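Here are the chains, one letter per residue:
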Amino acid sequence: MNEATDSHLSAQQFLTFTIGQEEYGVDIMTVREIKGWQETTRLPNTPDFMRGVMNLRGLIIPIFDLRMRFHQHLTEATLKHVVIILALGERNIGILVDTVSDILDVSSEQIKPPPGAEDNANTDYINGLISLEDRMVVLLGVEHLFDPATTQRVAA
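The structure presented is a predicted model; accordingly, all values stated were derived computationally and were not measured.

A. Local environment of the packing of aromatic side chains. Counted according to the given criterion, the structure contains 4 aromatic pairs. Taking 5.2 Å as the distance between ring centres and 40° as the angle between the ring planes, the aromatic pair formed by Tyr24 and Phe70 counts as tilted. Of the two residues, Tyr24 sits in strand β2 (residues 22–27) while Phe70 sits in the loop between α2 (66–69) and β6 (82–88), which places them 46 residues apart along the sequence. No difference in accessibility class separates Tyr24 from Phe70, as the two residues are buried. Clustering of aromatic rings is evident, with ring pairs tying together Phe17, Tyr24, Phe70 and Tyr125.

B. Summary view of the pairing of strand β7 (residues 91–97). In terms of residue burial, β7 counts as a mostly covered element, since 5 of its 7 residues are buried. Inspection of the sheet shows strand β5 (residues 59–65) paired to β7 by 3 bridges, in the parallel sense. The residue bridging Ile63 from the neighbouring strand is Gly94, located in β7. Pairing between β6 and β7: 7 bridges, direction antiparallel.

C. Geometry of the environment of Gly52. If you trace the backbone, Gly52 turns up in strand β4 (residues 50–56). Gly52 sits in the buried class, given a relative accessible area of 2%. With sequence-adjacent residues up to four places away left out, Gly52 is seen in contact with Thr40, Thr41, Arg42, Ile61, Pro62 and Ile63.

D. Examining the sheet that holds β2 more closely. The 6 strands are arranged β8-β1-β2-β11-β10-β9 in an open sheet whose pairing can be described as mixed. The open sheet is flanked by β8 (99–107) and β9 (111–112), the only strands paired with a single partner.

E. Expanded view of the sheet that holds β6. Pairing is mixed in the open sheet, where 5 strands are placed in the order β3-β6-β7-β5-β4. With partners counted over all chains shown, the strands left at the sheet margins are β3 (31–36) and β4, one partner each. Looking at each pair of strands side by side, their axes are set apart by 30° on average, direction ignored. As judged from the 6 bridges shared by β4 and β5, these two strands associate in the antiparallel manner. Bridge assignment links Asn55 to a residue of β5, and that residue is Ile60.

F. Representation of the nonpolar core. Phe17, Leu66, Ile95, Leu140 and Phe146 are the most contacted members of the largest nonpolar core, which totals 26 residues. Looking at this core, the elements with two or more residues in it are β1 (11–19), β2, β4, α2, β6, β7, β11 (136–140) and α3 (142–145). The leading source of residues in this core is β6, at 4 residues. Residues Met54, Leu56, Ile85 and Leu96 belong to the second largest nonpolar core, which totals 8 residues.

G. Structural context of the environment of Lys112. Among the structural elements, Lys112 can be located in strand β9. Of the residues examined, Lys112 reaches a relative accessible area of 45% and is grouped as partly exposed. C-alpha of Lys112 to C-alpha of Asn127: the two residues are 15 residues apart in sequence and 8.8 Å apart in space. In this structure Lys112 touches Gly128 and Leu129, once residues within four positions along its chain are discounted. Only 3.0 Å separates the side chain of Lys112 from the backbone oxygen of Glu109, close enough to count as a polar contact.

Calculation criteria
- Residues numbered from 1 in each chain as written.
- Predicted model: local features only at pLDDT ≥ 70, side-chain atom pairs only at ≥ 80, totals over all residues.
- Heavy atoms only, no water.
- Phe/Tyr/Trp six-rings, centres within 6.5 Å; stacked < 30°, edge-to-face > 60°.
- Helix = DSSP H or I, 4+ residues; strand = E, 2+ residues; numbered from the N terminus.
- Buried < 20%, exposed > 50% of the residue type's maximum accessible area, 1.4 Å probe, protein only.
- Pairing = 2+ DSSP bridges.
- Contact = heavy atoms within 4.5 Å.
- Axes fitted to C-alpha atoms, helices over the stretch in contact; angles between N-to-C directions.
- Core = buried A, V, L, I, M, F, W, Y, C linked by side-chain atoms within 4.5 Å.
- Polar contact = N/O pair within 3.5 Å; in protein donor to acceptor, adjacent residues only side chain to side chain.

And the structure:
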């Protein structure tokens, strides 16, 4: 195998987005669609970070407020906010974010492991960190952030 083939095999793409001043990324292969914010239908007895559901061409998609999921405050969503629709196995979910930023092409060597948390902070959903010239991108394992067991534990 030549060097060009090796770098192609280890290259990954991430869609980056912001919540406040923080920048996050998800594997672009999980991104199904990007939509502008629209009101959702709130469901009773759901966690605060679940904004409700939206009808996406006949599919009912749960929409999660990522800012609220990170224990900040509820996003005061406007038409400038964005919903990223993700395909996680058999599930489709939407995450409410402030802006979509970029698509990053990175090699696996550029992805650093997250530092260990010793204060019982749950960081299972952080897949890694990318340090760029003037910014840091936190790579999210969204499948861990919104798996049914985790969302029930956080909501309790």
